[in-house]
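Now for the letters of each chain:
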Amino acid sequence: PLFVYFLGAKRDKYILNILKEQVASEYLNRKYVDKYFKKKGISTYIEGKTSHICWIYWRQGIICAPDIVKICVSSTAELFKKNEWKVKILDLKTAKEKCMFPNYIWEKYYKGLISDAHLSDLIRLKLLKEYGGVWVDATVLFTEKEVIPSYFYSQDLFVYRNYMNKDNYINISNWIMGSCPNNTIITAVLDILLDYWKEEGITVQYYIFHLVYKLVTEKYLDYWNSLPIVSNIPPHILQGELLNNYKKCNWDIILQNSCVHKLYWKLPKEIGNNTYYKK
């Protein structure tokens, strides 16, 4: 029984997290994913071009954002604008105008049943389904100043693949996503999450987006395996070094490994002057 494994895993956080993901994944698959595909069937995937729109979202508006967010957003906007892409920076008000969600989504959000993170998951899916383009989290730093990585838009769907641990239930990172409008996988994930939030008032697992995404890709394995495979490990190296002492030789290696860097905005009040963050 699973509860026996939970008891045995209490001292091993990694195993416990995997078990939680397994239970949540099985629940989501049984109650929502399988039901969705029994009703809709396995549709032919939609091919198309990724629209040249870059989407960025910060709930309070960039003017109220921490410095690290402002720096990241500036690097993204500069790169995409230089390549003649439209850059749309949204706050909660403008995102609400763009995303015509059912009323129950906003009601549950304002009641605190849907968190900011999970609302953001719905917003990125809705924007990509309706308009296409590339979604970039507000905590992504670009050190490339000239060329947008072509794998963002060379095919009709892109996400970084999860190689950061041996996790059977999460296969992607969603902080950068590229898509043509009405992409089959994007549409299915959005529809299933909307079904979930229509019925549920709690989050069965924090990474609900990722669990559903993995389950949906398993329905379209040939298509999924034909898409660009880019690891999410190199873009996380700077994140791990951010508060460590800066070394020029290591900085050069970080940049050689990736021009895209997923950072974080919740920083301690006291940060050393010689850190990568300060530099």
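Numbers given for residues are sequential positions, taken from 1 along each chain in its written order. A pLDDT threshold of at least 70 governs which residues receive local features in this predicted model, and a stricter bar of 80 or more applies before side-chain atom pairs are shown or counted, although totals over entire chains, interfaces and linings include all residues. To obtain the side-chain values, all non-hydrogen atoms of the structure were used and water was disregarded.

K.L.:
Where do I start with the pairing of strand 1 (residues 53-57) in this structure?
P.N.:
Along any regular strand the residues' side chains alternate between the sheet's two faces. When a residue's accessible area, from a 1.4 Å probe over protein chains only, is under 20% of the maximum for its type it is buried; when over 50% it is exposed; and in between it is partly exposed. Helix numbering and strand numbering both begin at the N terminus, where a helix is a DSSP run of H or I of at least 4 residues and a strand a DSSP run of E of at least 2. Of all five residues in strand 1, five are buried, a share of seventy percent or more. Because side chains alternate across strand 1, one face comprises the buried residues Ile-53, Trp-55 and Tyr-57, and the other comprises Cys-54 and Ile-56, equally buried. At least two DSSP bridges between two strands are required for those strands to pair. Of the pairings in the sheet, the one linking strand 1 to strand 2 (residues 86-90) comprises five bridges and is parallel in character. From the neighbouring strand, Cys-54 faces strand 2, where its bridge partner is Val-87. Pairing of strand 1 with strand 3 (residues 133-136), which is carried by two bridges, proceeds in the parallel orientation. The residue bridging Trp-55 from the neighbouring strand is Trp-135, located in strand 3.

K.L.:
Can you walk me through the nonpolar core in this structure?
P.N.:
When a protein is soluble and globular, its nonpolar side chains tend to lie buried together. Counting residues in hydrophobic clusters, the biggest one holds 54 residues, and the most contacted among them are Phe-101, Ile-105, Leu-119, Ile-123, Ile-185, Tyr-213 and Val-216. The greatest single-element share of this core, amounting to 10 residues, is contributed by helix 7 (residues 184-199). Contact criterion: two residues are considered in contact whenever any of their non-hydrogen atoms come within 4.5 Å of each other. Not counting the four nearest positions on each side in its chain, Ile-185 is found in contact with Leu-157, Tyr-213, Val-216, Thr-217, Tyr-220, Tyr-223 and Trp-224. What we call a nonpolar core is a set of buried Ala, Val, Leu, Ile, Met, Phe, Trp, Tyr and Cys residues that are connected through their side-chain atoms within 4.5 Å. Within the second largest apolar cluster, 32 residues are counted, among which are Ala-65, Trp-85, Val-87 and Val-260.

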